[in-house]
Amino acid sequence: AAGSAVIASDLAAFRAVGGDAARYFEVSDAASLAREVQSLLASPGVIDALTGAGSTRVEMFDWVPIVDRYRALYERVANIGNAPGSVPFHSPEGE
C-alpha cells in the first residue's frame, strides 16, 4: 500500500486483500492495534518485508490486465457469430 507496511482490522475482507502482506489486529481492540504498531516499530526488518510483500501483492489488483482480459473475452464472444459455418443468434423474442 503505497510503499508502507499495513496493519488492518482482522476482517475477512482485509485478509482477502492483504494476505500475508499485512499484520492484523483484533477488531475493536485498541490494545491489539497498539501491540501491532509497537511490534512493527521495533522490527524494521518486518516493516521492510511487509512493504515488499505489499508491493508484490498490489499487482493482483491492477485493473489494466483485468480490463484487457474482459475486452478479449467480449471480442471473442462477439466474433463467434462471424465464424465460418456459425449459426446466427436470434433472441427468443425474434428481435
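Residues numbered from 1 in each chain as written. Predicted model: local features only at pLDDT ≥ 70, side-chain atom pairs only at ≥ 80, totals over all residues. Heavy atoms only, no water.

Draft legend 1. Spatial organisation of the pairing of strand β2 (residues 22-25). Note: strand β1 (residues 6-9) against β2, four bridges, orientation parallel. Looking at β2, one finds that I7 is bridged to R23. In this fold, the crossover linking β1 to β2 by way of helix α1 (residues 12-18) has right-handed handedness. (Pairing = 2+ DSSP bridges. Helix = DSSP H or I, 4+ residues; strand = E, 2+ residues; numbered from the N terminus. Right-handed = clockwise from strand over helix to strand, strands pointing away.)

Draft legend 2. The environment of L33, seen in detail. Tracing the backbone shows L33 in helix α2 (residues 30-41). A residue is classified by how much of its surface remains accessible, and L33, at 32% relative accessible area, is partly exposed. Counting along the chain gives 24 residues from L33 to S9, while the straight-line C-alpha distance between them is 8.2 Å. Among all residues touching L33, those that are not within four sequence positions of it are I7 and F25. (Buried < 20%, exposed > 50% of the residue type's maximum accessible area, 1.4 Å probe, protein only. Contact = heavy atoms within 4.5 Å.)

Draft legend 3. Up close: unusual backbone geometry. The residue S28 is not glycine, and still its phi comes out positive at about 60°. Note on placement: S28 falls in the loop between β2 and α2.

Draft legend 4. Highlighting the pattern of salt bridges. Scanning the entire structure with this criterion turns up three salt bridges. Between D10 and R15 there is a salt bridge whose closest N-O contact spans 2.5 Å. In this structure R15 comes out as partly exposed when scored by relative accessible area, which is 42%. Here R71 makes a salt bridge to D68, at a shortest N to O gap of 3.2 Å. Taken together, the residues span about one helical turn, with R71 and D68 both in helix α4 (residues 63-79) at a distance of three residues. Overall, R71 belongs to the partly exposed group, its relative accessible area being 44%. For D68, a relative accessible area of 39% puts it in the partly exposed group. (Salt bridge = Lys/Arg side-chain N within 4 Å of Asp/Glu carboxyl O.)

Draft legend 5. Seen up close, the packing of aromatic side chains. Summed over all chains, the structure comprises one aromatic pair. Between the aromatic rings of Y70 and Y74, the centroid separation amounts to 6.0 Å while the plane-to-plane angle is 35°, which identifies the pairing as tilted. Highlighted residues: Y70 and Y74, both in helix α4, separated by four residues, approximately one helical turn. Since its relative accessible area comes to 46%, Y70 is described here as partly exposed. Over the ring of Y24 we find R15; its NZ or CZ atom is 4.0 Å from the centre of that ring. (Phe/Tyr/Trp six-rings, centres within 6.5 Å; stacked < 30°, edge-to-face > 60°. Lys NZ or Arg CZ within 6 Å of the ring centre and 35° of its normal.)

Remember, this is a structural readout, not a statement about activity or role.
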